[in-house]
Amino acid sequence: MAFRTARNLAYFSNYIRNYSTNGPLVNVTVNEKSGFATATLQRPSVNSLNLELLTEISHTLQQLEKNKCRGLILTSASNKVFSAGLDLFELHKPNADKIKQMWSTLQEVWIKLYGSSYPTVAVVNGHAPAGGCMLALSCEYRVMLNNFIIGLNEAQIGFSAPMWLIDGMRNTIGSRQAEFALTAGTLFKTEEALKIGLVDEVAQSKEEAIEKAEKFLNKFAKIPPHARSMTKAALRGANIQALVRNKDEEVRSYVDFVTDSQFQDSLGEFIELNLKQKLSK
Ligand SMILES: CCCCCCCCCC/C=C/CC(=O)SCCNC(=O)CCNC(=O)[C@H](O)C(C)(C)COP(=O)(O)OP(=O)(O)OC[C@H]1O[C@@H](n2cnc3c(N)ncnc32)[C@H](O)[C@@H]1OP(=O)(O)O
């Protein structure tokens, strides 16, 4: 049963209210009429993805799947940043166990969002570098506001995006554009992102973006949900299975990579050069 019925809506809202003891990092509302859920990321100030936020996103996606969500709009409470990607301060001189959990939860988020049975739209109402772009890419449709940047800038920071994320980029903008974008770690302005197909539509305000997102979700009103989700699984399943098979091995490589002193040095330099907040010496 979908949670558009009042009883399930109440259950879901209650779940969300009770979920986090520190106050929710993801606010979920459900439009009673359309049945569409809006998940708003609200970790101050830039929705950088630490273990707590990733865990909450992952639980939210699980609940949406369980409650047979009719469509999801993913957006940000900030009017400047959709998500700044992984929390770079948590990657600096990290506790190995914590970053192991962090990467594993990031993989879970990708699997659940990229593979969701329900349709998904990212309303990209702010900058979306690296992990921010990952969240947007795992949705089926992207509506972005003007004058922001989006892209996978991992190469600029000193590493390669993982294979599943490369697949997501390739499936969205094609192999040729993906090779250019990933090898240079390009961050695209909204209009450039529209030209290469990294975003589908541009909006001038968040309200307009939400309208466009709902219009996209409404396209599926007359399509049998199981036929839609089977088709999505057929299109995306091989990429998801490849990650599932390689999940543990990838976590091990990631922990080795991130704890290596060479990566730590280049991350330290990146933070000092690019972020306002500096590392404590
Ligand atoms: C086989 C498997 C192995 C694979 C191995 C791969 C290894 C993978 C490594 C990890 C993968 C990472 C993917 C990522 O997501 S890395 C994150 C990359 N993110 C960025 O490059 C974004 C950096 N930030 C910015 O460019 C800008 O901040 C912004 C997002 C464009 C916003 O600009 P704006 O001018 O509006 O804001 P400020 O720059 O003033 O920032 C506001 C405050 O936010 C703090 N901040 C920003 N970004 C981050 C971040 N990513 N993590 C933590 N904190 C961040 C910034 O310091 C400011 O803090 P303050 O308010 O306290 O001053």
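Residues numbered from 1 in each chain as written. Predicted model: local features only at pLDDT ≥ 70, side-chain atom pairs only at ≥ 80, totals over all residues. Heavy atoms only, no water.

As recorded in an unreviewed UniProt entry, the protein goes by Enoyl-CoA delta isomerase 1, mitochondrial and comes from Zophobas morio. Taken verbatim from the UniProt record of the protein, the Subcellular location (unreviewed entry) comment is "Mitochondrion matrix". For the record of the protein, the UniProt heading Function (unreviewed entry) holds the text "Key enzyme of fatty acid beta-oxidation. Able to isomerize both 3-cis (3Z) and 3-trans (3E) double bonds into the 2-trans (2E) form in a range of enoyl-CoA species, with a preference for (3Z)-enoyl-CoAs over (3E)-enoyl-CoAs. The catalytic efficiency of this enzyme is not affected by the fatty acyl chain length." (UniProt positions renumbered as here; feature names shortened; annotations may be inferred.)

Q: In this structure, what is going on with the overall build of the protein? I would like to understand it.
A: A tally of helices and strands in the protein yields twelve helices and nine strands. In terms of overall size, the protein behaves like a compact globule, its C-alpha atoms giving a radius of gyration of 18 Å where 281 residues would be expected to give roughly 19 Å. Projected onto its principal axes, the C-alpha coordinates of the protein cover approximately 55 × 45 × 40 Å. Counting every position in the protein, which comprises 281 residues, the buried fraction comes to 51%. Long-range pairs, those at least 24 residues apart, make up 72% of the contacts in the protein with a sequence separation of at least 6. Carbon and sulfur atoms make up 52% of the accessible area of the protein, which amounts to about 13800 Å² in all. (Helix = DSSP H or I, 4+ residues; strand = E, 2+ residues; numbered from the N terminus. Rg over C-alpha atoms; globule rule 2.2 N^0.38 Å. Buried < 20%, exposed > 50% of the residue type's maximum accessible area, 1.4 Å probe, protein only. Contact = heavy atoms within 4.5 Å. Areas by Shrake-Rupley, 256 points an atom, 1.4 Å probe, with all protein chains shown as cover.)

Q: Is there a simple way to think about the sheet that holds strand β8 (residues 188-189) in this case?
A: The strands that make up a sheet pair up through hydrogen bonds in the backbone, lying either parallel or antiparallel. Read from one edge to the other, the open sheet built from three strands follows the order β5-β7-β8, with strand pairing classed as mixed. For this open sheet the edge positions go to β5 (128-129) and β8, each flanked by a neighbour on one side alone. Bridge analysis of strand β7 (residues 149-151) against β8 gives two bridges, and the strand direction is antiparallel. By the bridge assignment for β8, I149 is matched with K189. (Pairing = 2+ DSSP bridges.)

Q: Before we go on, may I ask you to explain the layout of surface pockets in this structure?
A: A probe matching the size of a water molecule, rolled over the atoms, marks out where space remains unfilled. If you add up the space inside the largest pocket, you get close to 1200 Å³. Lining the largest pocket we find 45 residues, and of these A84, G85, L86, L88 and P129 sit closest to its centre. For the lining of the largest pocket, the secondary structure elements donating two or more residues are α3 (88-91), α4 (96-114), α5 (131-138), α6 (154-157), α7 (163-173), α11 (225-259) and α12 (261-274). Examining the composition of the lining of the largest pocket, we find that five residues originate from one element, α11, more than from any other. Looking at side-chain class alone, the lining of the largest pocket contains 28 nonpolar, eleven polar and six charged residues. (1 Å grid on protein atoms, 1.4 Å probe; cavity = no way out; pocket = protein on both sides within 12 Å on 5 of 7 lines; lining within 4 Å. Points joined across faces, edges and corners; volume = space filled by probe spheres on them. Nonpolar A, V, L, I, M, F, W, Y, C, P; charged D, E, K, R; others polar.)

Q: How do you make sense of empty space enclosed by the protein when you look at a structure like this?
A: Scanning the model with the defined rule gives two cavities of 30 Å³ or more in all. Considered as a void within the structure, the largest cavity measures approximately 40 Å³ in volume. In terms of lining residues, the largest cavity is bounded by V26, A39, L41, I57, T60, L61, L72 and L74. Counting only elements with at least two residues in the lining of the largest cavity, the list comes to β2 (37-41), α2 (51-66) and β3 (72-76). Ranked by residue count, the leading element in the lining of the largest cavity is α2, at three residues.

Q: Would you take a moment to explain the pairing of strand β4 (residues 120-124) for this structure?
A: Two faces belong to every sheet, and in a regular strand the side chains alternate between them. Of all five residues in β4, five are buried, a share of seventy percent or more. Because side chains alternate across β4, one face comprises the buried residues T120, A122 and V124, and the other comprises V121 and V123, equally buried. Relative to β4, β3 runs parallel, the two being bridged by three bridges. Residue I73 lies in a different strand from β4, and its bridge partner there is V121.

Q: Help me understand the side chain of K232 in this model?
A: Summarising the element assignment, K232 is placed in helix α11. Look past the residues within four positions of K232 in its chain and what remains in contact with it is L113, Y114, G115, S116, Y118, T120, E140 and G237.

Q: When you look at the pattern of salt bridges in this model, what are you seeing that I'm missing?
A: The tally for this structure, following the rule as stated, stands at eleven salt bridges. Across the pair D200 and R142 runs a salt bridge whose closest N-O atoms are separated by 4.0 Å. Here D200 is found in the loop between α9 (190-196) and β9 (201-203), whereas its partner R142 is found in strand β6 (residues 141-145), with 58 residues between them in sequence. Its relative accessible area of 4% is what places R142 among the buried residues. (Salt bridge = Lys/Arg side-chain N within 4 Å of Asp/Glu carboxyl O.)

Q: What's the story with α7 in this structure? I'm lost.
A: Every α-helical turn comprises 3.6 residues, leaving residues that sit three or four positions apart pointing alike. Looking at α7, one finds that the buried residues are W164, L165, I166, D167, G168, M169 and I173. In the core, the buried residues of α7 are packed alongside α4, α5, α6, α8 (175-184), α9 and α11. Positioned one or two residues after α7, G174 has a phi angle of 90°, which is positive.

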